[in-house]
Each structure stands twice: as C-alpha cells, then as structure tokens.
Amino acid sequence: MKSNLKFVSGDEAVALGVRLARPHVISAYPITPQTIVVERLADFVEDGSLKAEYMHVESEHSAMAAAMGVSSVGARAFTATSSQGLLHMAECVHYASGARFPIVMMNANRSIAVPWSIYGDQRDSLGLLDSGWIQVYVEDAQEALDMMIQAYKVAEHPEVMTPFMVNLDGFVLTHTYEPVEVPDQKQVDDFLPMYQSTNKMSMDEPKSLCFSTSPADNQEFKYMQHKAMEGSVDIIREVDAEFGQVFGRYYHGMTESYRCEDAEAVLMTLGSVTGTVRTVVDMLRAEGHKVGVFKIRYMRPFPQDEVKELGKLGSRVGVLEKNISFGNEGTVFTNVNSVFSTLEKRVESKNYVGGLGGRDITKEDIRGIFMDLLSKEPFTERVEFIGMGCDTNE
Amino acid sequence: MRPKVRAYKRPSKISEYPSAPAFESGHLVTKNAGWRTFVPIVDPEKCVGCLRCYLVCPDGVIARTENNKVEIDYDFCKGCGICAHECKVKAITMKKEADEDEI
Amino acid sequence: MTRMSDFNIRPKDLTDQEYFYGHKACAGCGATIAVRLALKVLGERTYSVLPANCMSAVSFIYPQMAFTTNAIISPFASTGAMLSGVAAGARALGIKDFQTVGFAGDGGTADIGFQALSGAIDRGDDIIYICYDNEAYMNTGIQKSGLTPYGTKTTTSPAGENLPGAVTHKKNMFEIVAAHGIAYAATASIGYPNDFLRKLNKAKSVRGPVYLHILASCPTGWGSKTELSVQLAKDAVDSGLWYLAEYENDEFKLNRNPKEFIPVEEYLYKQGRFKHLKEEDISVIIEHRDKKWEKMRKTWL
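Predicted, not measured: the structure shown is a model, and the values here were computed from it. In every chain, residue numbers begin from 1 and rise along the written sequence. Labels are handed out in written order, letters beginning with A for the chains and numbers beginning with 1 for the ligands. Residue-level local features of this predicted model are given only where pLDDT is at least 70; pairs of side-chain atoms are given and counted only at 80 or more, and the full residue set underlies all totals for whole chains, interfaces and linings. Water and hydrogen atoms were dropped before computing side-chain values, which therefore reflect all heavy atoms in the structure.

**Side note on the domain arrangement of chain A**
Residue and element names in this part refer to chain A.
Then, in step 1: In terms of domain boundaries, chain A breaks down into domain 1 (3–247) and domain 2 (255–385).
Then, in step 2: Where each domain begins and ends is defined by an automated method or by a domain database. On a C-alpha basis, the centroid separation for the pair domain 1 and domain 2 is 28 Å.
Then, in step 3: Taken together, the contact pairs 29 residues of domain 1 with 27 residues of domain 2.
Then, in step 4: A quick way to say it: buried area is the sum, across both parts, of accessible area lost when two parts are put together, with a 1.4 Å probe. Both sides of the domain 1 and domain 2 interface together cover about 2,200 Å² of buried area, and 52% of this is carbon and sulfur.
Then, in step 5: Its largest share of buried area at the contact with domain 2, domain 1 owes to R123, L129 and E139, together 28% of the area lost on that side.
Then, in step 6: Within this document, salt bridges are pairs made up of a side-chain nitrogen of Lys or Arg and a carboxyl oxygen of Asp or Glu, the two lying within 4 Å of each other. One salt bridge connects R297 with E143, and the closest N-O pair in it is separated by 2.9 Å.
Then, in step 7: Polar contact is the term for a pair of N or O atoms within 3.5 Å; when the atoms are in protein, one must be able to donate a hydrogen and the other to accept it, and sequence-neighboring residues count only if both atoms are side-chain atoms. Counting across the domain 1 and domain 2 interface gives 16 residue pairs in polar contact (both at pLDDT 80 or more).
Then, in step 8: Elements with a contribution of two residues or more to the side of domain 1 that touches domain 2: α6 (123–126), β6 (134–137), α7 (141–155), β7 (164–169) and α9 (218–247).
Then, in step 9: In DSSP terms, a helix is any run of H or I states spanning at least four residues, a strand is any run of E spanning at least two, and both are numbered starting from the N terminus. A total of six residues in the side of domain 1 that touches domain 2 trace back to one element, the largest contributor, which is α9.
Then, in step 10: A breakdown of the residues in the side of domain 1 that touches domain 2 according to their chemical character gives 15 nonpolar, six polar and eight charged. The contact definition used throughout considers only heavy atoms, calling two residues in contact when any of these lie within 4.5 Å. By the convention adopted, Pro, Cys, Tyr, Trp, Phe, Met, Ile, Leu, Val and Ala count as nonpolar, Lys, Arg, Asp and Glu as charged, and the other residues, Gly among them, as polar.

**Observations concerning the packing of aromatic side chains**
Then, in step 1: Pairing of aromatic side chains here covers Phe, Tyr and the six-membered ring of Trp, requires ring centres within 6.5 Å, and sorts the geometry by plane angle: under 30 degrees stacked, over 60 edge-to-face, intermediate tilted. For the structure on display, the rule yields 28 aromatic pairs over all chains.
Then, in step 2: Between F23(B) and Y62(C), the ring centres sit 5.1 Å apart and the planes meet at 70 degrees, which makes this aromatic pair edge-to-face. You can see F23(B) sitting in strand β1 (residues 22–24) and its partner Y62(C) sitting in the loop between β2 (60–61) and β3 (64–65), one on each of two chains. Here the two residues F23(B) and Y62(C) agree in accessibility, since each one is buried.
Then, in step 3: Measuring from centroid to centroid gives 5.6 Å for F60(C) and F67(C), while their planes differ by 45 degrees, and the two rings are tilted.
Then, in step 4: Whether a residue is buried, partly exposed or exposed follows from its accessible area with a 1.4 Å probe, protein chains only, as a fraction of its type maximum: under 20%, in between, or over 50%, in that order. Using a relative accessible area of 0% as the deciding quantity, one classes F60(C) as buried.
Then, in step 5: Members of the aromatic cluster, each reached through a chain of ring pairs, are F174(C), W242(C), Y243(C), Y247(C), F252(C) and W300(C).
Then, in step 6: Lysine and arginine charges are scored as sitting over a ring when NZ or CZ, respectively, is within 6 Å of the ring centre and within 35 degrees of the ring normal. Of note, R316(A) hangs over the ring of F379(A), and the distance from its end group to the ring centre comes to 4.0 Å.
Then, in step 7: Over the ring of W222(C) we find R273(C); its NZ or CZ atom is 3.9 Å from the centre of that ring.

**Here's the deal with the sheet that holds strand β2 (residues 25–28) of chain A**
Residue and element names in this part refer to chain A.
Then, in step 1: Read across the open sheet, the seven strands follow the order β3-β2-β4-β5-β7-β6-β13; overall the sheet is mixed. This sheet does not close on itself; its edge strands, each paired only once, are β3 (53–56) and β13 (298–300). Averaged over all adjacent pairs, the angle separating strand axes in this sheet is 20 degrees, with direction ignored.
Then, in step 2: With four bridges joining them, β6 and β7 adopt parallel strand pairing. Each residue of the ladder has a partner; that of I134, found in β7, is F164.
Then, in step 3: Across the sheet, helix α1 (residues 10–21) touches β4 (77–82), β5 (104–109) and β7, and the angle it forms with β7 is around 155 degrees. For two strands to pair, DSSP has to find at least two bridges joining them. With axes taken as lines fitted to C-alpha atoms, and helix axes fitted only over the stretch in contact, angles between N-to-C directions fall between 0 and 180 degrees.

**Some points on the environment of V347(A)**
All names here are of chain A.
Then, in step 1: For V347, the location among the structural elements is in the loop between α12 (331–340) and β15 (349–353).
Then, in step 2: In this structure, the C-alpha to C-alpha distance between V347 and V317, residues 30 residues apart in sequence, is 7.3 Å.
Then, in step 3: Setting aside residues up to four positions removed in sequence, V347 forms contacts with G311, S315, V317 and F340.

**A short note on the environment of Y8(B)**
Then, in step 1: When you line up the elements, Y8(B) lands in the segment before β1.
Then, in step 2: Ignoring anything within four residues of it in the chain, the contact list for Y8(B) reads H27(B), V29(B), Y62(C) and P63(C).

**Section: the sheet that holds strand β6 (residues 128–133) of chain C**
Then, in step 1: Strands sit in the order β1(B)-β9(A)-β4(C)-β1(C)-β5(C)-β6(C)-β8(C)-β7(C)-β9(C)-β10(C) across an open sheet of 10 strands; the sheet is mixed. Across the chains shown, the open sheet's two edge strands, defined by having one partner strand only, are β1 of chain B together with β10 (251–254) of chain C. Strand-to-strand twist of the sheet, defined as the mean angle between neighbouring strand axes without regard to direction, takes the value 15 degrees.
Then, in step 2: With four bridges joining them, strand β9 (residues 245–248) of chain C and β10(C) adopt antiparallel strand pairing. Paired with A245(C) across the two strands is L254(C), which belongs to β10(C).
Then, in step 3: Where helix α1 (residues 30–42) of chain C meets the sheet, it contacts β1 (46–51), β5 (99–104), β6 and β8 (210–215) of chain C, and its direction lies at approximately 175 degrees from that of β5(C).

**Side note on the interface of chain C and chain A**
Then, in step 1: The interface of chain C with chain A comprises 36 residues on the first partner and 37 residues on the second.
Then, in step 2: Both faces combined, the contact of chain C with chain A buries some 2,800 Å², and carbon together with sulfur accounts for 64% of it.
Then, in step 3: Area buried by chain C at its contact with chain A is led by Y62(C), N70(C) and R123(C), which between them contribute 20% of it.
Then, in step 4: At the junction of chain C and chain A, the tally comes to two salt bridges.
Then, in step 5: Notably, a salt bridge pairs R91(C) with E53(A), separated by 2.6 Å at the nearest N-O pair.
Then, in step 6: If you look at where chain C meets chain A, you find 13 residue pairs in polar contact (both at pLDDT 80 or more).
Then, in step 7: Listing elements by their share of the side of chain C that touches chain A, those giving two or more residues are β1, β2, β4 (70–74), α3 (79–92) and α5 (114–123) of chain C.
Then, in step 8: Per-element accounting of the side of chain C that touches chain A gives the leading share, 10 residues, to α3(C).

**With respect to the pairing of β9(C)**
Residues and elements named next belong to chain C.
Then, in step 1: Where strand β7 (residues 184–189) meets β9, three bridges bridge the pair, whose relative direction is antiparallel. Bridge assignment links A185 to a residue of β9, and that residue is Y247.
Then, in step 2: Between β9 and β10, which pair antiparallel one after the other, the connecting turn spans two residues, and N249 there sits at a positive phi close to 50 degrees.

**Quick look at the packing of α7(A) against α9(A)**
Packed helices, taken two at a time, are described by the angle their axes make and the gap between the axes.
Residues and elements named next belong to chain A.
Then, in step 1: In the contact formed by α7 and α9, the axes pass within 10 Å of each other and the chain directions differ by 135 degrees. Taken together, the axes of α7 and α9 lie oblique to each other. Here the hand of the crossing between α7 and α9 comes out right-handed. Across the interface between the two elements, D146, I149, Q150, K153 and V154 from α7 touch I235, I236, V239, D240, E242 and F243 from α9.
Then, in step 2: Each residue belonging to the contact of α7 with α9 can be placed in one class, and the counts come to six nonpolar, one polar and four charged. Geometric relationships in this document are graded by angle, where less than 35 degrees denotes roughly parallel, more than 145 denotes roughly antiparallel, 65 to 115 denotes roughly perpendicular, and other angles denote oblique. Note on convention: the crossing is left-handed when the near helix lies turned anticlockwise from the far helix by less than a right angle, right-handed when the turn is clockwise.

Below is the structure:
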C-alpha cells in the first residue's frame, strides 16, 4: 500500500482528507477554530493539487446554501464551520437534509455564546441533532482525515442520500499536531468514485427541487428521511469495514468499546476526551478496578444496537459529555437512557457534564467519575457538573 | 407548446413517492379554469396580431395561431382581463363566465 | 460597440414554448409576467432559483410543477448564494451553454436576501438576479418591506390618524447594486414589456453578474383591479414614481425621460393601498420624485 506520513493538525488532516475526496466546489467562510481547514483548501486550489472551485461566501448561511446549489446539479460539495457559524446556517442545515443533498461538512466543536468563548464543547452540533444530518465525532487527526472519505461514501449511497457532519473537538483536536498517514489518491478514487444521483436538476430531465407539499404528503417525505437515516447504520458499518480492508484502519462502526466486557463501571464518551479516558481506564485496570470506556462515534443515526448490548452487561454507566440541555440533562445522556429504557433490567446511569467552554477534563476528573461509578452507593444526583472551579454548595 | 394536464394517482405505497422532494418539471395535474368569473373572447376579425396580449398574459395562455392571430387555452385562463384591457384594437371582450356556454 | 437596440426582441421572435405554466398565482399577478417573459428569453437551458416567495409558492406544489425547466426553491435569504452554487456546480461538471437565474421579491432582495445578493455580485459570478418588486411581503399577506414606497398602507404599516402608512421611501436597490461595480444592472416594469425583453436579452449576453429590478404589480396587495396590472406598472413609470434605467461600465443611463409626468394621483388612487393619501402625503411623494429625477436627468442622460 502506497501512503505517506505527515505531521499535521486536525484541521490540516481534514483538508487533506477533503482533497482526496475531490469535491467539485468548496464554499468557505472562516470561523475559529475551523479556519485552517478553509485556508489549506484554498492553498490546495491555488497550487492546483485540488481541482475544485473555491467559493468565497459572505456567511455560513450562504456557505450551506451555496453547497446545496452545488449538490442540486449533482456535483460534490464541501463546507466547514463551527459554533456560531453552525447556528447561523441552522436553517440551511435542516434544508439540506430535507432536500436529501449528500453534502459533507466539517464542524469544529466550539462553545456557544454567551459568554463568548472560542474554545471547545459540543453544544453546537448536539443542538442540531434533530436537523437530519448524520453526525460523527472523531477522536484524532487520522480519524478526521479518514472520515472525510468515508463521509462522502456513506452520504452519497443511493439508500442514504443524507448530509454528513464530521465533528472535531475545537483546539484539542483541530489544533493538535499528530502524525497522520495520508492515503494514496488512486486508492481513494477507487474507494470513492463520483456519485450518480437522480435527485438533481438536469438538462436531459428537468426537475423542480425542494418543492412544497400539502399536509396530505409532507409526512411521507419525513418518514422516508427517517428511514434513510435509520438504514444508514448498515451502510456506515459496511463502509467502515471496507475502508479497513483497503486502508488498514477500521473504526469499529458506530461505537468503540474498550475493556467493557467485564467492567463494573463504564464511562461513555464522545470525541477526543476518549483518549484520556482510555489512559485512565488502563491505569485503573492496573490497580485492579474493573472499568471500561465506550466511545459513541455516531450520534445520528444513534447506535441503538451497540448501546443496548452495553446496557446488558450490567455495569454502572456514566455518560460524560461537553454539553447540557438546560433544565434537563445532557442530550447524550438522554439518548443513551432512552435505549436503556428498552432493556428488561434497569441500568444504573449518571450524567457527568464537563469541559464546557474549553475547560480541561483532567485524568483526576475522570478517575473521580470512575470512583463514583465503582462505589456501590446509590447516585445522589442524576447530573453532575465535574471540574467546577469553585464551591457550588453555598 | 405548453405542458398538458396528466392523469395522476396519489401514491398508495411509500415506494411510489419520489425519494427526495424533487419532481419532474412541467408536471401538471390540475387546471385553473375554475378560478374564472369573466372569460376573454377574441374577435378574430378585429385582431391585428400585434401579440401584446400574448406578451402580457400572466398565465401564458394566449398563443399565436399560424395566421398570426391568437387563441386562448381556457383550461388555464384565470380571467384576469389584462388581455382585454391591453388590446389596442379592442379585439378582446370579457364576458361573464356563466353566459358563455360554448366554452 | 453594441447598442442597446441591438438587443431588441419582437414578441413574434419569442419562443412559443411556455416554461412557466399552470401556476397558482392570483389572477392578474404581475410577477408571473416577469418570470414567464424572462424564461422565454433565457431559454430552456436555464436553472431557476427562487427563494420562499409567491413565485415559488405557486409553482412547486407537489405534484403540480409549473416550471417546465430546471428550478429549485432556496431558503429565503439565500437566492444569491444558491445561484452561485448552482452555477459553480454546473461549471464544475462541464455543463455548457446554460443560464442561472434567480427570481426574488422585494423583501427577498432588499431585506433578507440582501447580503447573499451582495456576496454573489462581489464574487463576479455569472448569474442573473431578477428582483420582481411588488413593494411589500405579499406572500405572507402584505407586510411592509424595504421597497415599500412612502404612504403605502400595508398590514404592518397601517394608515390612520397618526401615520400615512409606510413612512420611509423605497430603498435604492438599483444604485446600491450598481455601486458594487456590477457587470450590468437595469430597472424595468411589466408595463413596458418590450424594454424588459431587451434588457433580458442583453443580460443573457453579459459575462458576470446581472441585476434586473422589475416593478411588478400585485392586485391582491395593491388593492387594484386585476385587468389594470400592466397599466398600473406603466403608470408608475409615466408618473415618475418608477424609472427605466441601466448601469454598465460605471455609467448610468436613463432609458425613458418623459417630458411631462402623468399626475401621480392617476396612478395612486387606482389602488386601495394609496386611497387614504391626503394632499400633504401626495406632496411628500412628489417632492421625493422630483429630487430623484433632477439627479437622474443631470447625470444619467
């Protein structure tokens, strides 16, 4: 296998992955910490290594609208955003999935103002969980690069035809340098041929796109959208397996389980914090504690089968997320518990909210969570904010 | 050279729907004739074939005939009366729909 | 050098094909005339982009599709951006000999779609943007927009004891667009269809962005008789409350310079939206008109 190693940041890895996927048009608007992605892509277009049109749009709303225009004629589109930008384009995010345009977008997970913060949490993309996009959360730069290629293959699958959002934790992942293996273009071309779609405007068969429906027909389209998203689970697994065979890297499909089989306490994670949790799991295992980590890769479609299987193991489960749905609990936690509720035996679970606005989640924090889970004491609270910098029990 | 109204059967199975909200352009299933209160009648004797009515019809229902006169597609005429008002030679008159049995 | 008259089209030269047919617009809708004629000139190899507005609401009602050519509804604010995307996508796929046209209303252009329009012009994209201006948000039920004229009664600018209806004048979209240094821009009126055809034909030949701003009456929103739609759009020009002009190569050109205006009342009082206007309101309207024409006649002739 021909490939080469590069030392790049997460953002640069995304740009390399996008270049390999050969989009026809890139619509770009800068926002920290996504900027390096669109800067590198501009470089690639300038130096001719990427044959694409680079469109300078005047907002994220227009970035997605332009991407939809590109997709509406059957061409491949890419854009990237973060945080406020994702929210600014929110109308178009829903629009793209309803239109069944297989656009791929990178999102740098970043806190939502106010208070203003350019640093990471996952409240931006989790706030758009219901927008009809496939959402994957990657753990490192290599996975970020590889997922750009997988994303198009899944999104453009004729039975899926659903846009795909690849999420990277802001700064922690977007700006951290790691060695990354860059696949060979020829191999990527074979893995990801240009897609053919009937969902497009065509000079041979003129079409009217993004039409309106009366209440007599609207629900059927939403049903089809739901079924396509549900069905994408199989396609995601297939594509990941095929990617593993071709490129030698396999990401375990919807989720990745680590040392969970006999664990008394399992912590569920999303994104880059998984690496730290894995380290703590190894440390605690060395100390004789039966702990494991369960990484959720896809939030949509939700990994129902995998989460159910985990629930059957009988461990106490913590859900660690950089997100809170004010007045309730973390959204990941809600999603996990909704699957657990289908099990005969109740799963004891607790929500740990941390890392908001870029706060570090430390090994000590994670050790504390595991100790809480390992104690046989009933949970005193359902949602706990971890890593608070001051006393909250006044 | 206008699209024609076609027979249409509502999907009875989900697979009969288009897989995305995209559909064949120019696909017509209903007429607009029922909207009309007044109906334009062209007097071919008076018509000089200037095509002003053809130009300004909002619904495109006025077509040129071979002898450079005009004819109206009453299936889609809404009876707005612009053609009659704009006709310089008063070749089009608006008649109450109910009175015009032959149409 | 090409002269404007080189782009003249006679009605009999137009294609017999109807590309916009069977739509559910109100009887006498002026905007539909603009869309229909535009497509006749631009031809069947045209991609149309329409934001959520009257023209899209009346022509994409599944399973009744009134565009016979390729068309797509964009988000309300996104006409300019989606136009660019469609054109870029088609170019990238190697599709040749096509037009990309947007049809947005006054609110979709001067208000919510303004930024995306500015972006598209700024990029120099090869697109045609047509603003059909019926001077209020008609699709939602006649609310004031940035292009609603002074003294217009709308559902959000009521006329009463204290207010004459809308208290601001129309946003000057034509000159704002021209200030971008756009390749070609023009105003038009459905009351002067031949002038509009000529400008469309010119637009078709221009490389780079084109903006056409066409006054299009709305009997429902204007409170006017359906048969008067074309007449009123002509009266607007003849009374000086609208104008026919072009911008190209950093120069403005007034296409029609009436020696004498018809009385504004003749135009205004045929419409329910202006019925309430008092003498002093009319004076405000005339004063604004005269100032505008003084400037245009000085520099645009």
